[in-house]
Amino acid sequence: MSLGTDFVVIGSGVAGLRASIALAASGANVTVLTKDKASESNTEYAQGGVAVVLSDDDNDELHEEDTLVAGAGLCDPEAVETLVTDGTKYIKELIDWGIEFDREGGKLSFTQEAAHSRRRILHAHGDSTGKEIVRSLIARAGREKRINLLPFANTESLIVEGGRCTGVQFLDPILRAPRSIRAKAVILCTGGAGQLYQHTTNPSVATGDGMAMAYFAGAEMADMEFVQFHPTALSLEGAPRFLLSEAMRGEGGVLRNVKGERFMGGYDERLEMAPRDIVSRSIVAEMRRTGSRNVFLDMTAINGEFLKERFPKIYETCKFYGLDITADLLPVSPASHYCMGGVRTDLHGRSTLPGLYAAGEVSCTGVHGANRLASNSLLEGLVFGARAGEAAVADESGPGRAIAVSDAGKVARPDEITTRSTGGSEISTAVRKRVKRVMWERVGILRDGESLRRAITEFDHIASANLSTSSRKFVTLATLVAKAALWREESRGAHFRTDFPEPIEAWRVHSVQKLGGSIFRAGRIDPNSVSATSNAEARA
Ligand code: FAD
Ligand code: SIN
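Since the structure is predicted, the reported quantities are computational estimates derived from the model, not experimental observations.

Describing the overall build of the chain
Thinking step 1. Across its full length, the chain holds 14 helices and 24 strands.
Thinking step 2. Its C-alpha atoms give the chain a radius of gyration of 22 Å, near enough to 24 Å, the size a compact globule of 540 residues would have.
Thinking step 3. Taking the principal axes of its C-alpha atoms as reference, the chain extends roughly 65 × 55 × 45 Å.
Thinking step 4. For the chain, the residues scored as buried account for 62% of the 540 residues in total.
Thinking step 5. Of the contacts made within the chain by residues no fewer than 6 positions apart, 71% connect residues no fewer than 24 positions apart.
Thinking step 6. Accessible surface for the chain amounts to roughly 20100 Å². Of this, 51% is attributable to carbon and sulfur atoms.

Things to note about the site of ligand 2
Thinking step 1. Around ligand 2, the surrounding shell consists of Gln-47, Gly-48, Glu-113, His-230, Leu-243, Ser-245, Glu-246, Arg-276, His-337, Arg-372, Ala-374 and Ser-375.
Thinking step 2. Across the complex, the protein chains shield 92% of the 260 Å² of accessible surface that ligand 2 would expose by itself.
Thinking step 3. Tallied by class, the residues present in the shell around ligand 2 amount to two nonpolar, six polar and four charged.

A closer look at the environment of Gly-142
Thinking step 1. Within the secondary structure, Gly-142 sits in helix H5 (residues 129-142).
Thinking step 2. Distance from Gly-142 to Ile-21, taken between C-alpha atoms, is 9.4 Å for residues 121 residues apart in sequence.

Notes on the sheet that holds strand S13 (residues 185-188)
Thinking step 1. In spatial order, the strands read S9-S3-S2-S13-S20; together these five strands make up an open sheet with parallel pairing. Either end of the sheet is taken by a strand with one partner, and the two such strands are strand S9 (147-150) and strand S20 (356-358). Strand-to-strand twist in this sheet, taken as the mean axis angle between neighbours without regard to direction, amounts to 20 degrees.

Section: the site of ligand 1
Thinking step 1. Taken together, 38 residues are adjacent to ligand 1, and Thr-43, Gly-49, Asp-209, Glu-361 and Ser-377 come closest.
Thinking step 2. Ser-12 has a polar backbone atom sitting 3.0 Å from an oxygen atom of ligand 1.
Thinking step 3. In the environment of ligand 1, an oxygen atom lies 2.8 Å from a nitrogen or oxygen atom belonging to the backbone of Leu-378.
Thinking step 4. Protein contact buries 98% of the 1000 Å² of open area that ligand 1 shows by itself.
Thinking step 5. Every element with two or more residues in the shell around ligand 1 is listed here: helix H1 (14-25), helix H2 (42-45), strand S18 (329-339) and helix H11 (377-396).
Thinking step 6. Grouping the amino acids of the shell around ligand 1 by side-chain chemistry returns 12 nonpolar, 21 polar and five charged.

Observations regarding the sheet that holds strand S8 (residues 121-122)
Thinking step 1. Ordered in space as S4-S8-S7, the three strands form an open sheet in which the pairing is antiparallel. Looking at strand neighbours, the two that pair on one side only are strand S4 (50-51) and strand S7 (110-111), the edges of this open sheet.
Thinking step 2. Taken together, the two bridges between S7 and S8 define a ladder with antiparallel strand orientation. In the sheet register, Phe-110 faces S8, and the bridge partner there is Leu-122.

Looking at the packing of aromatic side chains
Thinking step 1. In this structure the tally under the stated criterion is six aromatic pairs.
Thinking step 2. Between Tyr-197 and Phe-229, the aromatic rings sit 5.2 Å apart at their centres with planes inclined by 80 degrees, giving edge-to-face as the arrangement. Placement of the pair is Tyr-197 in the loop between S13 and helix H6 (209-217) and Phe-229 in strand S15 (residues 227-234), with a sequence separation of 32 residues.
Thinking step 3. Of the residues examined, Phe-229 reaches a relative accessible area of 4% and is grouped as buried.

Re helix H10 (residues 312-320)
Thinking step 1. Within the sequence span of H10, burial applies to Ile-314, Tyr-315, Thr-317 and Cys-318.
Thinking step 2. Packing partners of the buried residues in H10 comprise helix H7 (246-250) and helix H9 (304-310).
Thinking step 3. Gly-322 occupies a position one or two residues after H10 and carries a positive phi of about 85 degrees.

Notes on the pattern of salt bridges
Thinking step 1. The full count for this structure, using the stated rule, is 37 salt bridges.
Thinking step 2. Here Glu-93 makes a salt bridge to Arg-18, at a shortest N to O gap of 2.8 Å. Highlighted residues: Glu-93 in helix H4 (residues 77-96) and Arg-18 in helix H1, separated in sequence by 75 residues.
Thinking step 3. On the basis of relative accessibility, which here comes to 4%, the residue Arg-18 falls in the buried class.
Thinking step 4. The partner of Arg-437 in a salt bridge is Glu-441, with the nearest N and O atoms 3.0 Å apart. One end of the pair is Arg-437 and the other is Glu-441, both in helix H12 (residues 425-442) and four residues apart, which spans about a single turn.

Parameters and conventions
- Residues numbered from 1 in each chain as written.
- Chains lettered and ligands numbered in written order.
- Predicted model: local features only at pLDDT ≥ 70, side-chain atom pairs only at ≥ 80, totals over all residues.
- Heavy atoms only, no water.
- Helix = DSSP H or I, 4+ residues; strand = E, 2+ residues; numbered from the N terminus.
- Rg over C-alpha atoms; globule rule 2.2 N^0.38 Å.
- Buried < 20%, exposed > 50% of the residue type's maximum accessible area, 1.4 Å probe, protein only.
- Contact = heavy atoms within 4.5 Å.
- Areas by Shrake-Rupley, 256 points an atom, 1.4 Å probe, with all protein chains shown as cover.
- Near = heavy atom within 4 Å.
- Nonpolar A, V, L, I, M, F, W, Y, C, P; charged D, E, K, R; others polar.
- Pairing = 2+ DSSP bridges.
- Axes fitted to C-alpha atoms, helices over the stretch in contact; angles between N-to-C directions.
- Polar contact = N/O pair within 3.5 Å; in protein donor to acceptor, adjacent residues only side chain to side chain.
- Phe/Tyr/Trp six-rings, centres within 6.5 Å; stacked < 30°, edge-to-face > 60°.
- Salt bridge = Lys/Arg side-chain N within 4 Å of Asp/Glu carboxyl O.

Any functional reading would require information that these geometric values do not contain.
Here it is, written out as structure tokens:
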């Protein structure tokens, strides 16, 4: 059976919620499908905060400059300008809607994070910024009668008819059966793919489903090789890789090796405040040099009462694992954290597949380049979620775009190949475990041609088996990352090739991949259009 709505939004993190509010504001009916409970998302776990130009000593140019520097020459300046200028507007709106950012004496309180030239990070309840953003957006969306949120509705594929995305196929949580829903347009806000790696700060929902669905539906994917590894995830046997926020270093925390020596001075003059790709690689180098499995974050020089109040969630979580952040050295090592690449979009969230929009971590607007500046991601979700919603309304309001409310003949789904078999759940678990391990060992913080080729061979081998739909999506996504990483024969931002350790000017281009084609290079992502071939410079 097929249902109808005006717009489908997939995902209820910051991007999905903000897009839904923008769509509903136009008077449209919006159906939000989300895989787990409404709050379960990367957004919910965001700690450090959201970067925004609101303090007296800050301005747009400084925030833009910091973003461009962190992006290592691959940010699109127009995307960065949009992020920063619209960012202030949308954060003010969030404050008007009732979000409770932390304040000191009534004034907004700003913290510092790596590679920011100013204290410009707003935070909430100390280290629970994401939770407060989700709370305030769900409350705001809840006031819109036109938004219908369906939790535990796992979306499995996009429906493509006549070269256009016209809906989605999802698993109905009540009927426990596949169902399709048609709409004027689909806005993909499914977040990132940190779970591709054995060690990650991301929750279990972050398996990159939206990226894989878009790829199989025929949309272009950009910059998949750029995966950010956060330097300081808690590294304890048997415990999840709980994030120890960069804001802890921003408040004076230092990194020490197993001998107790502060080592960042040997790697970068900005010490612990260097961009996170540099800190992550320095930690790996130090672990190798000292033959250890972790380094330590040392907060002991900072007032204990301040730490408990500033980082209450981190304090409690570490206490659960037997660590006192005010007194103990905290074992940390890097873990996968954020995908700079994703569904290639313009600055209005339009993908290269008509009818499909993408916003937030699932997308690649070019705003982060080769390495995202800390705390720019929540801002990205807010800004580009709103812009995608607004663009979808404007684009699809013309004649001839009425919704279909019943099945309209044969549904052309390029991902039909993925549905050959459902496979056993044990096999799926084993496939994921293997892929995650290979990604960590061969497509991780340090890569080289041989490790990448071996990873691709293994993924091809896994893919030749009779896999479940979700396993096939997972291994396909891993292959996209590995192939882009092999293709880019230089090091830039978060992508570090030990066999090509320097950035090379000729590689200051985006990688683009599309189903059935080989990787090609593209110049800047056109801010107003991403038609499939518009800015392709050359086939590699
Ligand atoms: P998400 O918030 O991840 O939401 C994705 C949504 O899609 C979820 O609702 C999910 O259930 C749903 N979904 C996924 N697949 C499907 C499917 N198949 N069907 C239906 N629904 C699906 N960034 C900052 O700027 N500042 C920070 O302080 C910060 N701290 C972080 C701390 C942690 C521990 C982590 C993991 C990330 C942090 N980040 C931070 C990054 C930031 O949180 C994310 O990049 C951002 O929240 C992504 O928002 P999103 O809306 O794009 O995706
Ligand atoms: C953190 O709090 O360290 C995460 C910030 C981010 O990912 O932007």
